[in-house]
Amino acid sequence: MTPEQKKLIRRTWAQLAPDSAATAALFYQRLFAIEPAARRLFESKDMHVQGNLFMQMVSVFVRSLDGHSEMNAAIESSGKRHHGYGVLASDYDGAGKALLWALEQALGSAFTPEIRDAWAEGYRTLAGTMQRAGATSTSGYGSSVL
């Protein structure tokens, strides 16, 4: 990721923070529309709580852009947990599409092609880190799902 992409992600994330619950709701609405099978991961989840956890994870990712190793460790830990929940590599594609859609809805006309590209690259980085960590995991954990 370029320094400019990181800056765009940080700036837009700050814009979304005041209404993060709405952005999370948009994300899950879209995820379930484009990937109905993803509902299997959330059957017993309180989706309001899940939305908060999702937004916290994205916030950790945004903070990790500054190179904080503890943030990267948290992302890797999340990847291991997701593996344990049964999240497949293919599930990350739908989540990325849903995230970009939710950001576009939340930001409206402020969601420029440059911002879209920055978030797409950021999500590839996030998903790649989580997938690599999950691939090295041999056990699951029980908490949240993306």
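This is a predicted model, so every value here is computed, not measured.

Notes on the packing of helix 3 (residues 47-64) against helix 6 (residues 113-135)
Logical step 1: Direction vectors running N to C along helix 3 and helix 6 enclose 100 degrees, while the axes themselves pass 11 Å from each other. Relative to helix 6, helix 3 is oriented roughly perpendicular. Contacts between helix 3 and helix 6 involve M57, V58, F61 and V62 from the first element and W119, G122 and L126 from the second.
Logical step 2: Of the residues that constitute the contact of helix 3 with helix 6, the class distribution is six nonpolar, one polar and no charged.

Topic: the packing of aromatic side chains
Logical step 1: Applying the stated rule across the entire model yields seven aromatic pairs.
Logical step 2: Where Y28 meets F42, the ring centres are 5.3 Å apart and the plane angle is 75 degrees; that geometry is what we call edge-to-face. You can see Y28 sitting in helix 2 (residues 20-34) and its partner F42 sitting in the loop between helix 2 and helix 3, a full 14 residues away along the chain.
Logical step 3: Taking relative accessible area as the criterion, Y28 reaches 4% and is therefore assigned buried.
Logical step 4: Summarising the aromatic geometry, the rings of F32 and F42 are spaced 5.5 Å apart at their centres and angled 65 degrees between planes, so their arrangement reads as edge-to-face. Placement of F32 in helix 2 and of F42 in the loop between helix 2 and helix 3 is noted, with a sequence separation of ten residues between them.
Logical step 5: Members of the aromatic cluster, joined through ring pairs, are F27, Y28, F32, F42 and F54.

Structural notes on the environment of M1
Logical step 1: Relative to the assigned elements, M1 resides in the segment before helix 1 (3-16).
Logical step 2: Note on M1: relative accessible area 29%, which makes it partly exposed.
Logical step 3: Remark: the alpha-carbon pair of M1 and L65, spanning 64 residues in sequence, is separated by 9.0 Å.
Logical step 4: Excluding anything up to four places from it in sequence, M1 contacts K6, I9, F61, L65, A118, E121, G122 and T125.

Observations concerning the confidence of the model for the protein chain
Reading fine detail from the predicted coordinates is not recommended where pLDDT is low.
Logical step 1: Model confidence for the protein chain is summarised by a mean pLDDT of 84, while 89% of its residues fall at 70 or above.
Logical step 2: Per-residue pLDDT, averaged within each element of the protein chain, yields its smallest value for helix 4 (residues 69-85) (72) and its largest for helix 1 (95).
Logical step 3: Within the model, pLDDT remains below 50 along residues 139-146, and this stretch shows 30 contacts once partners closer than five positions in the same chain are excluded.

A closer look at the nonpolar core
Logical step 1: Among the nonpolar cores identified, the biggest contains 40 residues, and F27, L31 and W119 are the most heavily contacted of them.
Logical step 2: Breaking this core down by element, the ones donating at least two residues are helix 1, helix 2, helix 3, helix 4, helix 5 (89-107) and helix 6.
Logical step 3: Excluding its chain neighbours within four sequence positions, the residues that come into contact with L31 are P36, A38, F42, G94, A95 and A98.

Regarding the side chain of Q50
Logical step 1: Mapped onto the elements of the fold, Q50 is located in helix 3.
Logical step 2: With relative accessibility at 1%, the residue Q50 sits in the buried group.
Logical step 3: A distance of 3.4 Å separates the side chain of Q50 from the side chain of Y28, its partner in a polar contact.

Examining the pattern of salt bridges
Two side chains with opposite charge may pair up if their charged atoms get near one another.
Logical step 1: Tallied over the entire structure, the rule returns one salt bridge.
Logical step 2: A salt bridge links E121 to R124, with the shortest nitrogen-to-oxygen separation between them at 2.9 Å. Taken together, the positions of E121 and R124, both in helix 6 and three residues apart, correspond to about one turn of that helix.
Logical step 3: A relative accessible area of 26% means that E121 is categorised as partly exposed.

Criteria and cut-off values
- Residues numbered from 1 in each chain as written.
- Predicted model: local features only at pLDDT ≥ 70, side-chain atom pairs only at ≥ 80, totals over all residues.
- Heavy atoms only, no water.
- Axes fitted to C-alpha atoms, helices over the stretch in contact; angles between N-to-C directions.
- Helix = DSSP H or I, 4+ residues; strand = E, 2+ residues; numbered from the N terminus.
- Parallel < 35°, antiparallel > 145°, perpendicular 65-115°, else oblique.
- Contact = heavy atoms within 4.5 Å.
- Nonpolar A, V, L, I, M, F, W, Y, C, P; charged D, E, K, R; others polar.
- Phe/Tyr/Trp six-rings, centres within 6.5 Å; stacked < 30°, edge-to-face > 60°.
- Buried < 20%, exposed > 50% of the residue type's maximum accessible area, 1.4 Å probe, protein only.
- pLDDT = per-residue confidence, 0-100.
- Core = buried A, V, L, I, M, F, W, Y, C linked by side-chain atoms within 4.5 Å.
- Polar contact = N/O pair within 3.5 Å; in protein donor to acceptor, adjacent residues only side chain to side chain.
- Salt bridge = Lys/Arg side-chain N within 4 Å of Asp/Glu carboxyl O.

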